[in-house]
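One-letter residues, chain by chain:
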Amino acid sequence: MTKHKIYSMSFASVYPHYINKAERKGRTKSEVDEIIRWHTGYSQEEIEALIGKETDFETFFEEAPELNASRKLIKGVICGVRVEDIEEPVMQEIRYLDKMIDELAKGKKMEKILRA
């Protein structure tokens, strides 16, 4: 089975799109970074290093220090697919992140996005 092309895309190439999406709706880069840190367990310095190394999405999630257990509480549809029904682990992590960035852009409070 061939892997989806997003797996080999660098996180650095998509990260600016997350920032732009949030900022267009009045949210901030620091909120995007907070979501990424919450989801993956990476520190801000580690995220910046991974961006600098152009780490691909698959490696970004497979080497994440500690995927937040509460991410499993994320429900809903992204790209026409329910995130909770995605069976492939890396794709599900990518879609969890997409869903949280969407919620940020839609004005949801950080406490709710981070399932606090």
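Here the structure is a predicted model, which is why all the values come from computation and not from measurement. (Residues numbered from 1 in each chain as written. Predicted model: local features only at pLDDT ≥ 70, side-chain atom pairs only at ≥ 80, totals over all residues. Heavy atoms only, no water.)

### Brief notes about unusual backbone geometry
Rules: When a residue's accessible area, from a 1.4 Å probe over protein chains only, is under 20% of the maximum for its type it is buried; when over 50% it is exposed; and in between it is partly exposed.
Phi angles above zero are rare outside glycine, and Cys79 is one such case at about 55°. Classification of Cys79 by relative accessible area gives exposed; the value is 62%.

### Describing the pattern of salt bridges
The condition is simple: Counted as salt bridges are all cases of a side-chain nitrogen of Lys or Arg within 4 Å of a carboxyl oxygen of Asp or Glu. A run of DSSP states H or I qualifies as a helix once it reaches four residues; a run of E qualifies as a strand once it reaches two. Both are numbered from the N-terminal end.
Per the counting criterion, the structure on display carries eight salt bridges. Where Arg95 meets Asp98, a salt bridge forms, and the shortest distance between an N and an O atom there is 2.7 Å. Pair noted here: Arg95 and Asp98 are both in helix α5 (residues 89–105), with a separation of three residues, about one helical turn. Each member of the pair, Arg95 as well as Asp98, is classed as buried. For Lys108, the salt bridge goes to Glu103, with nearest N and O atoms at 3.5 Å. Taking relative accessible area as the criterion, Lys108 reaches 33% and is therefore assigned partly exposed. Under the relative-accessibility criterion, Glu103 is labelled buried at 7%. Via salt bridges that share partners, Glu103, Lys108 and Arg115 belong to a single interconnected network.

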